[in-house]
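# Coordinates in review
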Amino acid sequence: MPSLKALRSRITSVKSTQKITSAMKMVAASKLRRAQTQVEAARPYAQRMERMLASLAANVGNQPNAPKLLVGTGRDQVHLLVPVTGDRGLAGAFNSSVGRLTRGLARRLEAEGKTVKILAVGRKGRDLLRREMASRIVDDISYAGRKSVGFADAQAIAARIIAMLEAGEFDSCTLVFNRFASVISQVPTEMRLIPVAIPEQSAAEGDAAKRAQYEFEPDEETILARLLPQNLAIQIYRALLENAAGFYGAQMTAMDNATRNAGDMIKRLTLNYNRARQANITRELIEIISGAEAL
Amino acid sequence: MPLDLEIVSPERLLLSRPVDMVVIPAEEGDLGALPQHAPMIVLLRGGLVRLFEGGQIIERLFVSGGFAEITPTRVTVLADEAMPPEAVSRAEGERRLVAAQAEYDATNKADVPALDLAMAKMQSARAMIEVAGSGS
């Protein structure tokens, strides 16, 4: 049985931990709300972009000189993986699930004899992969200490990827990130960026697109050459935003659990403390009484 | 029958309303879209999108570049950046012009698509300066 003093100090320490976790939960909740509005605000652009891309790609996709960004290099040897993670921890399995998916993907590709390169976005992803896959990490990008990510950040990453593609450093590019399904559920997802996965049109929209034969000004190739990098940036932007929203969601859940666990622990410790206190009193009483009887 | 106009930037939906006519700064000159316009996809240069109602300009919005999709009932402007003309800063435009000029000079003169891109950036920066100048 630990002493009363030891129990008391443990209770105080757990209480202060609980204060921290519950404060972190509140902070995560308010940041989550902001991140969620950002995700929703970015959605209309992405949807319309997809619609345009689908009608353009249908026109240009089959030509032999179609841009690399659309059809890839034609080889399938070097794969670039872009895991997107948070810059901080204390968010449950949020970061490690992306790490696990990336590692699994890398191992599978290597088992097939392919070469894997990794461009880690987010500090935690780099830390997670550094131990096992250090030789494959080309670079890492981190936004630690920043309030929120903007579209310019996504454009910078896209520019980096395009430069690598132009230099022939990889053939195919896959983004790994946590899709924000709901506040309590984030699904680690892989999404192919290059060659572009052409969005499939729903039946009704497909009919409308068939009816509408677009004219292009200046011409399909020029527009496509401008649209594809933008589309890449948009996809990355989306992943960054979903990652941010998912991160705060996961952190909120993790901190909620931690607060509850701390509460349980305090209850248990308080019970032990009271028991020990009563046992002490009883023992003292017995000592006094047996002392009096002995006289 | 009005035309549904939407202006979106990557960060948010800026404007969504019916208009009688909209004039958009397409790369090969301004382009006015009325209802029943033939379906088109155009590239934008930097400039002002002007919304018309009853023959009057009711609103102006500066876009730095992007794309527009025109259908008989709808115009969607996918702007790289969009802001009201009052918010356009001359200093920012000049800064971008210098940066774009430097990029143009640094680009390999045989790389035509890259040259085009740098030229488009310069044009967008010039439009920014022009809009900021006329506003003040």
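Everything quoted here is computed from the prediction, not taken from an experiment.

### Focus on the overall build of chain B
Each helix and strand in chain B was counted, giving two helices and 10 strands. Helices and strands in chain B line up, N terminus first, as β-β-β-β-β-β-β-β-β-β-α-α. For 136 residues, the compact-globule formula gives about 14 Å, and the C-alpha radius of gyration of chain B, at 15 Å, lands near that figure. A principal-axis box enclosing the C-alpha atoms of chain B has dimensions of 50 × 35 × 25 Å.

### Focus: the packing of aromatic side chains
All names here are of chain A. By the definition in use, this model includes three aromatic pairs over all chains. On the numbers, 5.3 Å between centres and 80 degrees between planes, the contact of Phe 151 with Tyr 237 is edge-to-face. Of the two residues, Phe 151 is situated in helix α5 (residues 151-166) and Tyr 237 in helix α7 (residues 220-294); the sequence distance between them amounts to 86 residues. Classification of Phe 151 by relative accessible area gives buried; the value is 5%. On the basis of relative accessibility, which here comes to 1%, the residue Tyr 237 falls in the buried class. Three or more aromatic residues link up through ring pairs in this structure, and these residues are Phe 94, Phe 247 and Tyr 248.

### Some remarks on the side chain of Thr 102 of chain A
Residue and element names in this part refer to chain A. Note that Thr 102 resides in helix α3 (residues 94-111). Judged by relative accessible area, Thr 102 falls into the buried class, the value being 0%. If we skip the residues at most four places from it in the chain, Thr 102 touches Leu 81, Pro 83, Leu 129 and Val 176.

### A word on the domain arrangement of chain A
For chain A, the domain assignment lists domain 1 (4-18 + 256-294) and domain 2 (34-253). Each of domain 1 of chain A and domain 2 of chain A was reduced to a C-alpha centroid, and the two centroids are 54 Å apart.

### A look at the environment of Ala 127 of chain B
Residue and element names in this part refer to chain B. Tracing the sequence through the fold places Ala 127 in helix α2 (residues 112-135). The exposure class of Ala 127 is buried, given its relative accessible area of 11%. Expressed as a C-alpha distance, the spacing of Ala 127 and Phe 62, which sit 65 residues apart in the sequence, is 9.0 Å. Aside from chain neighbours lying at most four places away, what touches Ala 127 is Gly 46, Gly 47 and Phe 62.

### A closer look at the packing of α5 of chain A against α7 of chain A
Residues and elements named next belong to chain A. Look at α5 against α7: their axes get within 8 Å of each other, and the N-to-C directions meet at 125 degrees. Taken together, the axes of α5 and α7 lie oblique to each other. Relative to α7, α5 is oriented so that their crossing is right-handed. Contacts between α5 and α7 involve Phe 151, Ala 154, Gln 155, Ile 157, Ala 158, Ile 161 and Ile 162 from the first element and Pro 229, Gln 230, Leu 232, Ala 233, Ile 234, Ile 236, Tyr 237 and Leu 240 from the second. Along the lines of polarity and charge, the residues of the contact of α5 with α7 split into 13 nonpolar, two polar and no charged.

What counts, and at which threshold
- Residues numbered from 1 in each chain as written.
- Chains lettered and ligands numbered in written order.
- Predicted model: local features only at pLDDT ≥ 70, side-chain atom pairs only at ≥ 80, totals over all residues.
- Heavy atoms only, no water.
- Helix = DSSP H or I, 4+ residues; strand = E, 2+ residues; numbered from the N terminus.
- Rg over C-alpha atoms; globule rule 2.2 N^0.38 Å.
- Phe/Tyr/Trp six-rings, centres within 6.5 Å; stacked < 30°, edge-to-face > 60°.
- Buried < 20%, exposed > 50% of the residue type's maximum accessible area, 1.4 Å probe, protein only.
- Contact = heavy atoms within 4.5 Å.
- Domains from an automatic or database assignment.
- Axes fitted to C-alpha atoms, helices over the stretch in contact; angles between N-to-C directions.
- Parallel < 35°, antiparallel > 145°, perpendicular 65-115°, else oblique.
- Left-handed = near helix turned anticlockwise from the far one by under 90°.
- Nonpolar A, V, L, I, M, F, W, Y, C, P; charged D, E, K, R; others polar.

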